[in-house]
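# Report on the structure
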Amino acid sequence: MSFWYPATEAPALSNVSFAVAGGEVVALVGGVGAGASTALLVAADLAPRVTGGQIEGIVSRTERSGIVLPTPWTQSSGMAFTVWDEVAFGPANLGWPAQEIARQVDHALERLDIAALAERDPITLSGGELQRTIIAGVLAMDPGLLLLDEPTAELDPAGARAVWRLVRELAREGKAVLVATSDLDALPDLADRVVWLEGGAVRASGAPQLLADDAVCAAGLGTTVAGVWRAARLEPPYPLTVAEAVRRWR
Amino acid sequence: MRAAHPFTQLAVAATLPALAWTLPAPAAGIATAALALGLTATRGLRRGLWPALLTAAPFWLFLFLLHDARTTLAIGLRITTMVASFVWLAAALVPARLVEAMVARGWSVSAAYLIAATLSAVPTLRARAQRIVEAQRCRGLSPRGSLRNRMRALRALAMPLLLSALHDVDERALALATRGLVPGARRTPLRAPADPVLERLARWGLVLVCVGALVWRLV
Amino acid sequence: MALSVALRLDGVGFSYGAVQALTDVTFTVAPGERVALLGRNGAGKSTVVRLVTGLLAPAAGTLWVGDWDTQGLAPEDLAGRVASVFQHADQQLFARTVREDVGFGPRALGFSEGDVARRAEDALEALGLTPHADEHPYDLPPALRQIAALAGALALEPALLVLDEPTAGLDRSWRARVADALAERAAGGAALLVVTHDLAFAAEALERALVLDGGRLACDEPLSGLLTSAARLAPLGLLPPTVAALSEGLALPGRPVRERDAAHTLARVARGGPRA
């Protein structure tokens, strides 16, 4: 698949191919402007349908998708008085019966650990609380394919860890997850596969072991441990995580 | 006191100015302005009465400079009614309830949302405006001083707000599309506001009063 | 004119209505010092930032920026000494080009056009933004706008830089660039006060830790010791950053917390140097 934003000559994505299956977590990594966010928009059927632009190639989906964009405050509905209503916004728009909506919303609030915030006005929430509310709102729509663009950007480290744990749980439950993130150190435990995007094209893809690959580290996209190993001019293959490094050291 | 149905609120906010403009001044103007200001007072001094008076004041000043006392009074009262009605509506109408009311009636979800989104953008923008003012002040922007200074200050405060708001609109369209707000969506009303028969009758009554006033005026 | 103290808080207290946000906070920051302000949400970090920038006035105690007592001074008066970048700074940009926006601060302070241009150029250069200098801010992604806001603060060439979560949303290469730019400024005499929970960034860029807990100063110590102690970080809801965890796990001598230092030590030890 290749994609051009409206009125641009250079493609935002060129000849990108990958697949995500139910139960899998695939991570998109790349620098600013590499095309990860665009790829998510295409997967969500928002590009070119809502963004405009041109697309070539085939995109096939077998599940309804839900996307979480990186800036929480642009995603709040703007018409919910309480967090509960905000999370219920999506399901209500899908026309589900009220009981089903209540069930999904309560479940989503619990999973994101924000049930205590249910009666709060979304305007008063902190960035992290709002981000979790938005994620809950998308989760409540029960999508088969979950698309996450920097879902932990506003969260503190404890909150980020909780979200990654939730992602793995969702994959175990059979959802397909495609996530773009710059939190590379979290990927070895999080992702089943990693796709490296550069300048809109796929440079490499494979198991998270890719993040210890020499070329990837040279591009600044390896895990911290792999990066340190490489900077110390030790021999590849580099360890991915602290645990692996400690094992190897002994 | 339970809040009235959003449609009733809209009806009242539209009726008062309509009557002020159609019925003979200054009696009608005094009555409707008094009613409208009374409504704003129910919202409290800070959020209701004071903003209404503050917004209407410049108009009185201009009228006073341009017209004689009688015309000033007549038009001034009508404008005061309009301003006060709008201020009351902005404070009393909850956008979420309006959308739910529209949706419960079977109106298009997208149209309902457009109205609600416009109304509810206000608190977000107000909070952001405050953040921008603080940030620019910390960069040395002084709102005091010469006229040139003040103009520069205005640009540094208004532009970021406008630009970021416009930019938001783009992103918001994407986000809403993904949450199911698409043309043709049939939304389940979550909290449809109660619409007792009495209020419905009252609304029709208000419409009749307006039409009656217009007819009486023309005839 | 060299100041001996960049920032001093003496018994500072503040409350929002009935809620006591800060109680008896006392500390001094010297020129060139790089301080991390840590603590849970609600511990009082943003209150300290707002007091230092003059947006709030202390209810108790005194606050000095350099040799100026902030009592009675407005934020725009303090802008000559303190430059700050708050969260979501990407929303404060408004000029037609990045370069013009970066020059806004110095221009508002009254510097000559030549000075303004030089300062803007230096700031852009330090952060690697020069390739984007003539673009419209909103043509850039939010991450780069945030960097541009930081450049605006650097262009003020302040004695004290106060930053609130400067690396939120940035990837590793931009975080490194920010760390380098800040280190350069600190070497030139500027003091840094950075609120952050990005400990990997703090490890690279900062050296001293001030920890707030429930509005009080709980500890004031060198950062590296704190970073390698999982037990001390746990009550703050934080984990040791990867490099510190690696140092601890491999028992590297000196327990380096910065990537470069860790790589250096690792290489040395691997070559057969002392493992103690």
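Throughout, a residue's number is its position along its own chain's written sequence, starting from 1. Going through the entries in the order they are written, you letter the chains from A and number the ligands from 1. Given that this is a predicted model, residues contribute local features only at a pLDDT of at least 70 and side-chain atom pairs are listed and counted only at 80 or more, while totals for whole chains, interfaces and linings are drawn from all residues.

It is worth spelling out the environment of isoleucine 101 of chain A at this point. Going along the chain from the N terminus, every DSSP run of H or I of four or more residues is numbered as a helix, and every run of E of two or more is numbered as a strand. Relative to the helices and strands, isoleucine 101 of chain A is located in helix H3 (residues 98-111). For isoleucine 101 of chain A and arginine 248 of chain A, which are 147 residues apart along the polypeptide, the C-alpha to C-alpha distance reads 50 Å.

Let us now look at the interface of chain B and chain A. Taken together, the contact pairs 29 residues of chain B with 30 residues of chain A. When residues of the side of chain B that touches chain A are traced back to their parent elements, those giving at least two are helix H5 (95-104), helix H6 (109-138) and helix H7 (147-178) of chain B. No other element matches the nine residues that H6 of chain B contributes to the side of chain B that touches chain A. Grouping the constituent residues of the side of chain B that touches chain A by class yields 18 nonpolar, five polar and six charged. By the criterion used throughout, residues are in contact when their C-beta atoms, derived from the backbone, lie within 7 Å. Following the grouping adopted for this structure description, the nonpolar residues are Ala, Val, Leu, Ile, Met, Phe, Trp, Tyr, Cys and Pro, the charged ones are Asp, Glu, Lys and Arg, and the polar ones are all others, Gly among them.

A separate point is the packing of helix H1 (residues 6-22) of chain B against helix H8 (residues 197-218) of chain B. All names here are of chain B. Interhelical geometry of H1 versus H8 gives an angle of 15 degrees and a closest axis separation of 10 Å. Looking at the two axes, H1 sits roughly parallel to H8. At the point where H1 passes H8, the crossing takes the left-handed sense. Contact with H1, carried on its side by Phe7, Thr8, Ala11, Val12, Thr15, Ala18, Leu19 and Thr22, involves Glu199, Ala202, Arg203, Leu206, Val209, Cys210, Ala213, Leu214 and Arg217 of H8 and no other residues of that element. Its residues assigned to classes, the contact of H1 with H8 shows 11 nonpolar, three polar and three charged. Fitting a line to C-alpha atoms yields each axis, with helices limited to the stretch in contact; the angle taken between N-to-C directions then spans 0 to 180 degrees. Working definition: roughly parallel below 35 degrees, roughly antiparallel above 145 degrees, roughly perpendicular at 65 to 115 degrees, and oblique for all remaining angles. Whether a crossing is left-handed or right-handed is set by the direction in which the near helix is turned from the far one by less than a right angle, anticlockwise for left-handed and clockwise for right-handed.

Each partner contributes residues to the interface: chain C has 19 residues there, and chain B has 18 residues. Contributing elements (two or more residues each) for the side of chain C that touches chain B: helix H2 (75-78) and helix H4 (104-109) of chain C. Sort the elements by how many residues they give to the side of chain C that touches chain B and H4 of chain C lands first, with four residues. Looking at the side of chain C that touches chain B residue by residue, the classes come out as 11 nonpolar, seven polar and one charged.

All names here are of chain A. Where a domain begins and ends is set by an automatic assignment or by a domain database. By the assigned domains, chain A splits into domain 1 (2-208) and domain 2 (209-250). The distance between the C-alpha centroids of domain 1 and domain 2 comes to 28 Å. The partner domain 2 presents nine residues to the 11 residues of domain 1 that form the contact. Elements supplying a minimum of two residues to the side of domain 1 that touches domain 2: helix H6 (187-190), strand E7 (193-198) and strand E8 (201-206).

A few words now on the packing of helix H3 (residues 45-66) of chain B against helix H4 (residues 69-92) of chain B. Residues and elements named next belong to chain B. Following both chains from N to C, one finds H3 and H4 inclined at 150 degrees, their axes separated by 9 Å at the closest point. Here H3 lies roughly antiparallel to H4, going by the angle between them. Crossing hand, H3 versus H4: right-handed. Residues Arg47, Gly48, Pro51, Ala52, Thr55, Ala56, Phe59, Trp60, Leu63 and Phe64 of H3 touch H4, and the partners they reach there are Thr72, Ile75, Gly76, Ile79, Thr80, Val83, Ala84, Val87, Trp88 and Ala91. Tallied by class, residues from the contact of H3 with H4 come to 14 nonpolar, five polar and one charged.

For interface size, the figure often reported is the accessible area lost on association. All names here are of chain C. Assigned domains of chain C: these are domain 1 (30-240) and domain 2 (247-276). Each of domain 1 and domain 2 has a C-alpha centre, and the two are 31 Å apart. Facing the six residues of domain 1 at the interface are six residues of domain 2. Where the side of domain 1 that touches domain 2 is concerned, the elements lending two or more residues are helix H8 (199-205) and helix H9 (223-227). When its residues are assigned to classes, the side of domain 1 that touches domain 2 shows three nonpolar, two polar and one charged.

Residues and elements named next belong to chain A. The topology assignment puts tryptophan 229 in helix H8 (residues 224-231). Here exposure depends only on C-beta density: within 10 Å of a residue's C-beta, 20 or more other C-beta atoms make it buried, 12 or fewer make it exposed, and intermediate numbers make it partly exposed, the C-beta atoms being placed from the backbone. Of the residues examined, tryptophan 229 has 29 C-beta atoms within 10 Å and is grouped as buried. C-alpha of tryptophan 229 to C-alpha of leucine 240: the two residues are 11 residues apart in sequence and 9.5 Å apart in space.

Residue and element names in this part refer to chain C. On the basis of which strands lie adjacent, the open sheet formed by six strands has the order E6-E7-E8-E3-E9-E10 and mixed pairing. Both outer strands of the open sheet, strand E6 (82-85) and strand E10 (216-222), are each paired with one neighbouring strand and no more. Adjacent strand axes in the sheet meet at a mean angle of 15 degrees when their direction is disregarded. Contacting strand E3 (34-38), E6, strand E7 (160-164), strand E8 (191-195) and strand E9 (208-213), helix H1 (residues 45-52) runs over the sheet at an angle of about 145 degrees to E7. Its contacts with the sheet put helix H6 (residues 142-155) on E6 and E7, and the angle it makes with E6 is roughly 175 degrees. Should DSSP find at least two bridges between two strands, the strands are taken to pair.

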